[in-house]
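These are the residues of each chain, in order.
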Amino acid sequence: MELDNIELMNVRGGSISGTLINAFVRGMNTLLDIGRSLGNAIRRITSNSICKL
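Right, let's walk through the structure included here. In this text the structure is predicted, and so the values were computed from the model without any measurement.

The next point concerns the overall build of the protein chain. On a plain count of helices and strands, the protein chain comes out with 2 helices and 0 strands. C-alpha extents for the protein chain along the principal axes are approximately 75 × 15 × 15 Å. Burial statistics for the protein chain: of 53 residues in total, 0% are counted as buried. On the protein chain, roughly 5300 Å² of surface is accessible, and the fraction owed to carbon and sulfur atoms is 62%. In the protein chain, 6 positive and 4 negative side-chain charges are present, and the distance between their average locations comes to 40 Å.

Scanning the model with the defined rule gives 1 salt bridge in all. The partner of arginine 36 in a salt bridge is aspartate 33, and the shortest N-O contact between them spans 3.0 Å. Residue arginine 36 and its partner aspartate 33 are both found in helix α2 (residues 18-46); the two are separated by 3 residues, about one turn of the helix. With relative accessibility at 43%, the residue aspartate 33 sits in the partly exposed group.

Attention shifts here to a nonpolar patch on the surface. A cluster of nonpolar side chains, Ile16, Leu20, Ile21, Phe24, Val25, Met28, Leu31 and Ile34, forms an exposed patch at the surface whose accessible area comes to about 820 Å². Checked against the element boundaries, leucine 31 lands in helix α2. Classification of leucine 31 by relative accessible area gives exposed; the value is 56%.

Right, let's get into the environment of asparagine 10. You can see asparagine 10 is positioned in the loop between α1 (5-9) and α2. Residue classification places asparagine 10 among the exposed residues on the basis of a relative accessible area of 53%. A polar atom in the side chain of asparagine 10 sits 3.3 Å from the backbone oxygen of isoleucine 6.

Now for the environment of glycine 18. In this structure, glycine 18 sits in helix α2. Residue classification places glycine 18 among the exposed positions, given a relative accessible area of 56%. Taking the C-alpha atoms as reference points, glycine 18 and asparagine 5, 13 residues apart in sequence, are found 30 Å from one another.

What counts and what doesn't
- Residues numbered from 1 in each chain as written.
- Predicted model: local features only at pLDDT ≥ 70, side-chain atom pairs only at ≥ 80, totals over all residues.
- Heavy atoms only, no water.
- Helix = DSSP H or I, 4+ residues; strand = E, 2+ residues; numbered from the N terminus.
- Buried < 20%, exposed > 50% of the residue type's maximum accessible area, 1.4 Å probe, protein only.
- Areas by Shrake-Rupley, 256 points an atom, 1.4 Å probe, with all protein chains shown as cover.
- Lys, Arg positive; Asp, Glu negative; His and termini not counted.
- Charge placed at Lys NZ, Arg CZ, Asp CG, Glu CD.
- Salt bridge = Lys/Arg side-chain N within 4 Å of Asp/Glu carboxyl O.
- Patch = residues over 30% accessible without salt bridge, like charges linked within 9 Å, V, L, I, M, F, W, Y side chains within 5 Å.
- Polar contact = N/O pair within 3.5 Å; in protein donor to acceptor, adjacent residues only side chain to side chain.

Quick look at the structure:
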C-alpha cells in the first residue's frame, strides 16, 4: 500500500508500548520500596530499636 504526502501527514503514532508500561511499573516499585524503607526507619526511631555501636 502506497500513501501520498497528504495521507502520510495524517498518520498518527501507536498506543502505549510494553516498554513504557514496564518503565512505569518499575518506577512505582521503586517508590514503594523507598516508602517501605522510610517507614521502617521511622518506626525503628520512634520505638528506640536502633542498633548503637
